[in-house]
Structure formats: structure tokens, C-alpha cells
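Per-entry structural report
Take a look at the letters that make up each chain.
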Amino acid sequence: MKGSETSRLLRYASARMAWAVICFCLLRVDADEFYSVVETWPPAICHLDTPRGVAVTSSGYVFVADTSHDRILKFDYTGSLHAEWGLRGSADGQFKNPRGLAVDKWGYVYVVDWGNDRIQKFDPWGHFIAEWGSRGPDDGKFLLPEAIAVDESRNLFVSDSGNHRIQKFDSSGNFLAKWGSRGSDDGEFDGPGSIAVDNSGSLFVADSGNDRIQKFDSSGNFLAKWGSSGSGDGELDTPCGIALDSSGNILVADTWNHRVQKFDPSGEFLARWGSYGSGNVNFNKPFVIAVDSSGNIFVADSQNDRIQKLDSSGWFVQRWGEAGAAGEEFYRPYAIALDASGNVFVVERDNRRIVKFDPSGNFLTTWGSCGSGDGEFDEPFGIAVDSSGDVFVADSGNNRIQKFDSSGNFLAKWGSHGSGDGEFFHPSGIAVDSLGNVFVVDSWNYRIQKFDSSGNFLAKWGSKGSDDGQFGYCEAGLCGPQGVAVSSSGNVFVADTFNDRIQKFDYDGNFLAKWGSGGPAEGEFYQPAGIGVDRFGNLFVADKMNHRIQKFGPSGRFLAKWGVQGPSPGEFLLPYGVAVDASGYAYVADMGHKIIQKFRRDFGMRGISWAAFGRPVVEWDSAAGETYSVSVSADAYTWVLASSNVSASVTGVTYWIDFGLHALGSPFSSRRRFYRVGLSP
């Protein structure tokens, strides 16, 4: 949180622990700096991103394959989250775009791990049990499997979409049978989608590419078919999802017609509902469908990133999982900035707006809409706030900068498409220094431009390349540097995204230093995006494709990192923007999860060995005029602050904190313990 320009890490000159009864012991410790999540807003990470699998159990639980987040979510019938598991990868319990799923009568969950060409089996709480399959055309192998169904005997039927066939397995994954090949004749398929099984063991397959439903017995013998291409009653356009109600009626997710159709057991059309849109009983590519024992219908409304629940007649009941455009909701937050009061400004690229929150995440106001007029945006990317509270936005799609007051009232604009001075080609990052000068990452021109607060051009630097002062580009050529930050000393830091490095320049654009290379190790990057800088000049980098934040000193010395890819608080999916307030709290625009996460700086001490005599002493460097409060927790003892000089305010003083030790267990154990020290101003 606090520290001098020369040192921001806790230093442990000694760590002594007093035991005031018979013996004395000495605990030596080392220090780790880390960041822990304080809060997120919206408060829960249960937004969905392209859900493509849903299953409902007899007890009312709803399982969802949250495809783009590579996880499985378990909800109760009200939409409350009960469990989640999975992250991106190929190890046991990891996924690459999971799609279909099924739950047997014992509660075991079977997941189609589409990108890994396999099936994984879990218990009802998400604990991994088994997996089978690999890529190929042989028995038991898959090519982009799409869906799975289970019958009363716990036989499993897999829609092996890329191989245009159905495969049958027992509940342990042993291969039993297969049928189908590519074509449009009876029993042939073109990219089969979901499967449903009735009480007699008959199978209904959504033959997506052929715009029809096919029916088979449990051994794969063809029984019937219906449907043809079109948008009329009983016609289909790429049907992907299929489910059965308790009466044997067939519900079909008519994906490209953005609706649900209902048929009787013989395939006669009964009803349809839904149309394209984002309102209730509107759909955007409904992908899969499930029905509970009461006849309620659950639709994975994939491109609206939500689940919709309808009653048996198609009337809306509820929905959950979506990000949105309401005041406190997000859809792809890209950048974040803070004003002097700690208010948080968020750029929502796809909602074409700016959203403002107080420091606790309470919604204050929003402005902007899609367009090219004053106060309108086309894919805004970057945002910065000056010392007066004025807000500058990189209106990327309109190739301009817009300036607003703190309430969102339009003040000024400058820029147009081009490569001349004051012109832009997809501006992304933006920063403001203490004098009000504005630095813009002119991304697809591979340069930085500098302006005064009124938009008058002052300077520029940079070109395409990998030398010092140049900026990298992706294979398509139309992408370049993305983030920029300016320290209180006037140094300019640029996220050279496609060179996987940070570059440092002086106030006039002269190259000073660089660090980083491609990779996942400390100090390495994979497409760094946003940059934040604290008041001591430390840099916080959104290491986007590594799904983490890295922290560096002003000269590029690595200090800390946190985050991995995952759906839980403190984990990330494509973090894009980062900002740091005056108290050292870090705010991250977690683009993939469609949330803002707030972190605080903590320190950990790990016991190494025990000796004799002493008291614990914790040391760190101070800055003038700063005071601190301190909290300490341990796993087997209660630490009590006995005395300290933490209110001193002299630059360069090394503070010490003396803790008395009160035992809740034996003080003589050699077991390694973890002690956490939290510092706040």
C-alpha cells in the first residue's frame, strides 16, 4: 500500500517471538507481497458467456455449460448459484469450450469437452471421476463432439458432430455402438447437435445441418424424421437443441430462427414461441434446451449470454446469467480510470458508454450511446481523468478523443481518421499528466501522440517495428500498442502489446528503457494491455492473455503478480484495464467476466525455524506525512498489537511493530504457519 520511492516491499530485518512463561523462541520469517480481492461489482461472477449446454435434474438443479468461460455452473431452480468448476486447459477437470452435458439418475454429470475431443465425468459436486476420448474417427474417439444424453440404464449417447455420427457408451465410457455418416438420407447426418432420449429408449437427434429431427431406437435403427429448411411452422433453420417433456412432446431450439418449437411424439407441429431480440422470450441463437419434471423449459440463449426459464406454455418465468446495459451491469468493460475522490469510471466498449461508480462500487451515472455525434461512441477503448475531474475518452471507432466533465456533460472533441498530426487510426489507451497534457496511444498508426488539455497537438513518437521506441503489430497488421500511463515524475509507460513488453519514455518521447518478453514467467507477458501507475511510480500491467496482473517498480523491477484464468473472485478472464487509487487499491476491468474487481495489497510471513528468545519485528520504508493502521492474523495464534511507532511521518524511517503472542495452541510446534499483515493508510 505505502512505501518510499526506493523500496515498496516489506523488509524483515528480524522476526522474534516472545513466550513469557518458561522459554523463549525465535521465529525467522521471509516476506511475500500479494494482492487479495476485496470486492467485485456486480458482486457475483455468475455472468455467462455463450452458454451451450444445459441439463435439469429431477431435484430441480440446473447445470449449465458456460462455454466461453470453460466452466460448469450448478444453479437451483431460482437461479441461485450452488457450485462451479473448471478452467481452461486439458488436464482432468479442465475444459476447452465445454458444450453439451447430461446428468444421470444418480446425479453424475457428463460433460462434452468439445475442444479436447473427450467426455468428462463428475460427481454432483464437480469432483472429477473419469474421462475418455481423443481426436480421431475410430470407435470411442471424437471430432468436435457436440452433445450427450443418458437413458434410464445409464447408457450414454454422444453426438460426434465432426464425424457426423452418434456413439453409444456405458456409464464408465466403454464403447458400445455407433451409427451414421455424412449425408442427407435416412440415418445420415450433417453436423448433428443435441440428443434426447424418451422413456422407451428412443433417441431424437437434432440433425442441424439438414434442418430436421431424426428418431432412432436405442440400437440406432432409423424410425422417423420431420422438418425442412425454412421459417414457417414446423420448418427449421440449423436446429441445435432438443428436449422431451413428461408427455413425450419434443421441444426444439430452432437456433437460427431464434425461437423454440414444440412437436408431439410423432413430429406434428404444436406451437412455437420466441423471436430475435434481448427481451423476455426473445432469443439470439438459442443453442440448447432442457425441460424439468414440472414442464418448465430452460433455454440456453447463447448470444444473449443467459438462461431463460419458461413455463410449459412458453410464458416467461425468469432469466439469469446475462451481463447487460443497466446502470450497474457490464458488457465487455475495457478500461478503467479513477478521479481524485476515488470515483471509478469504466469504459464499456460494446455498450458504447461510460459508467461511473463511487469507490465502493455503487452506481452513480452513465452516459453515451452508439453513434458519431457529440457524446456518442463507436467502440470506445481508453479513458483518463485529469486533476480537475474532466474525463477524456478514446472514441476508437470514431477516431477521435472526447472530453467530458465529471457528470458526463460533453465539453470538447478532436481528431479524425488519418495519419497526420492530430489524426488517429483506432486510438486505444489514453493518459493525462499532472499538467493536463493528454497522451494517446494511436494504436494502428503505431505511435503515441501528445496534446494539451484543449486538444492542441504537441508531439508524437513511434513507428511499426521491434526496435527501441517502435511498437509491435499482429499478423493482420491493424493492431498495435494499447495501454499508456504517466507517472508523477512525468515518465510515460506504454504497453507494447504485440512485442510483449513495456517501454518507458521521458516527457518528450525519448526512449529510456524497456522490459519483458513473451512468456508466462515473472516479468514476461502475453499481450499486455492496460497499465496503471500508483503515486510512487509503481506500474500495474494487465497481462491480458496470461490472465493476471503484474506489478513493477519504476525501473521495471518485478515486484508482484496475481491472478490465473478462472471464474472465481481474484481470478481473471482477459483482464484489459487496471487503475490504482491513492490508497493503493487496484481496480481491474475483467473484460471476459464482465465485472470490475478491486484488490488490496497484503503481505505474508511464513515460519522457517524456531530458536530461542525475542519478539517479532516487522519493518518497511515510509514516505513523508503517511500514517498506517496494521492488522495481523495467524492460523494457530492470536497476535495482539503491543506497541508501535506506525504514526511517525518522517521519510526514510523504518517502522517496527511489536506483537505480543497469546497461545491458542502449542508455541513450540515446528509446523510452518502463515501470518498475514495488512497495511492501510
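Rules behind the numbers
Residues numbered from 1 in each chain as written. Predicted model: local features only at pLDDT ≥ 70, side-chain atom pairs only at ≥ 80, totals over all residues. Heavy atoms only, no water. Helix = DSSP H or I, 4+ residues; strand = E, 2+ residues; numbered from the N terminus. Buried < 20%, exposed > 50% of the residue type's maximum accessible area, 1.4 Å probe, protein only. Contact = heavy atoms within 4.5 Å. Areas by Shrake-Rupley, 256 points an atom, 1.4 Å probe, with all protein chains shown as cover. Pairing = 2+ DSSP bridges. Axes fitted to C-alpha atoms, helices over the stretch in contact; angles between N-to-C directions. Core = buried A, V, L, I, M, F, W, Y, C linked by side-chain atoms within 4.5 Å. Phe/Tyr/Trp six-rings, centres within 6.5 Å; stacked < 30°, edge-to-face > 60°. Salt bridge = Lys/Arg side-chain N within 4 Å of Asp/Glu carboxyl O. Disulfide = S-S within 2.5 Å. Polar contact = N/O pair within 3.5 Å; in protein donor to acceptor, adjacent residues only side chain to side chain. pLDDT = per-residue confidence, 0-100.

1. As for the overall build of the protein
- A tally of helices and strands in the protein yields 0 helices and 57 strands.
- For the protein, with 681 residues in total, the buried portion stands at 59%.
- For the protein, long-range pairs separated by at least 24 residues make up 49% of all intrachain contacts whose partners lie at least 6 apart in sequence.
- A total of about 25,500 Å² of accessible surface is found on the protein, and carbon and sulfur atoms cover 46% of it.

2. Regarding the sheet that holds strand β48 (residues 558–562)
- The 4 strands lie next to each other as β45-β46-β47-β48, forming an open sheet whose pairing is antiparallel. On the outer flanks of this sheet lie β45 (528–533) and β48, each paired with one strand and no other. Within the sheet, the average angular offset between the axes of one strand and its neighbour, ignoring direction, is 20°.
- In this sheet, strand β47 (residues 548–552) lies alongside strand β46 (residues 539–543) in antiparallel orientation, the contact comprising 5 bridges. When the bridges of β47 are listed, D543 appears paired with R548.

3. Details of the nonpolar core
- Counting 15 residues, the largest nonpolar core has V54, V62, V64, F75, F298, I307 and W320 as its most contacted members.
- Elements supplying a minimum of two residues to this core: β3 (53–56), β4 (62–66), β5 (71–75), β25 (286–291) and β26 (297–301).
- Of the residues forming this core, the biggest block, 3 residues, is contributed by β25.
- Not counting residues up to four positions away in its chain, the partners in contact with W320 are L48, V62, F75, G79, F298, R306, I307 and K309.

4. Quick look at the packing of aromatic side chains
- Across all of its chains, the model carries 40 aromatic pairs by this definition.
- Measuring from ring centre to ring centre gives 5.8 Å for W226 and F263, while their planes differ by 50°; the resulting arrangement is tilted. Of this pair, W226 sits in strand β18 (residues 222–226) while F263 sits in strand β21 (residues 259–263), and the two are 37 residues apart along the sequence. Pair check on accessibility: W226 and F263 agree, each one buried.

5. A look at the sheet that holds strand β42 (residues 492–496)
- In spatial order, the strands read β41-β42-β43-β44; together these 4 strands make up an open sheet with antiparallel pairing. Looking at the sheet topology across the chains shown, the edges are occupied by β41 (483–486) and β44 (511–515). Direction aside, the axes of adjacent strands within the sheet are offset by 20° on average.
- Both β42 and strand β43 (residues 501–505) contribute to a ladder of 5 bridges, which runs antiparallel. Bridging across to β43, V494 finds its partner in Q503.

6. Considering the pairing of strand β37 (residues 427–432)
- Most of β37 is tucked away: 6 of the 6 residues are buried.
- Here β37 hands over to strand β38 (residues 438–442) after 5 residues, with G436 in that stretch at a positive phi of 90°.

7. As for unusual backbone geometry
- Despite not being glycine, D305 has its phi angle at roughly 55°, a positive value.
- Along the chain, the position of D305 falls in the loop between β26 and β27 (306–310).
- Residue D305 is classed as buried on the basis of its relative accessible area, which comes to 4%.
- Residue L574 is not a glycine yet carries a positive backbone phi of 60°.
- Within the secondary structure, L574 sits in the loop between β48 and β49 (575–580).
- Residue classification places L574 among the partly exposed positions, given a relative accessible area of 24%.

8. A look at the pattern of salt bridges
- This structure, assessed with the given rule, holds 28 salt bridges.
- In this structure, D301 and R306 form a salt bridge, with 2.8 Å as the shortest nitrogen-oxygen distance. You'll find D301 and R306 in the same group, each marked buried.
- Residue R548 is joined to D543 by a salt bridge in which the shortest nitrogen-to-oxygen separation is 2.8 Å. Neither R548 nor D543 differs from the other in exposure class; each is buried.
- Taken together, the shared-partner salt bridges in this structure form one network comprising D66, R71 and E84.

9. Topic: the state of the cysteines
- All told, the structure shown has 1 disulfide when counted by the stated rule.
- Note that C474 is cross-linked by a disulfide to C479, the S-S spacing being 1.6 Å. Here the two residues C474 and C479 agree in accessibility, since each one is buried.

10. Remarks on the environment of F222
- Residue placement: F222 occurs in strand β18.
- For F222, a relative accessible area of 29% gives the class partly exposed.
- Dropping the residues within four chain positions of it, F222 is found in contact with D186, G187, Q214, K215 and F216.

11. Comments concerning the pairing of strand β40 (residues 457–461)
- As judged from the 4 bridges shared by strand β39 (residues 447–451) and β40, these two strands associate in the antiparallel manner. Residue pairing across strands places F451 opposite F457, the latter belonging to β40.
- Counting the residues between successive antiparallel strands, the hairpin from β39 to β40 contains 5 residues, one of them, G455, with a positive phi of roughly 95°.

12. Thoughts on the side chain of D395
- Its place among the elements puts D395 in strand β34 (residues 391–395).
- For D395, a relative accessible area of 0% gives the class buried.
- Polar contacts involving the side chain of D395 include one to the main-chain amide nitrogen of D378, which spans 2.9 Å.
- Here the side chain of D395 touches Q402 through a polar contact of 3.1 Å, side chain to side chain.
- With residues near it in sequence (within four places) discarded, D395 still touches E376, F377, D378, P380, R400, Q402 and P427.

13. Focus on the confidence of the model for the protein
- For the protein, the mean per-residue pLDDT works out to 83, and 81% of the residues sit at or above 70.
- Scored below 50 in pLDDT, residues 604–681 shows 235 contacts in the model against residues more than four places distant or in partner chains.

14. A closer look at the environment of R349
- Relative to the helices and strands, R349 is located in the loop between β30 (344–348) and β31 (353–357).
- Spatially, the C-alpha atom of R349 lies 9.2 Å from that of G382, the residues being 33 residues apart in sequence.
- A distance of 3.0 Å separates the side chain of R349 from the side chain of Y334, its partner in a polar contact.

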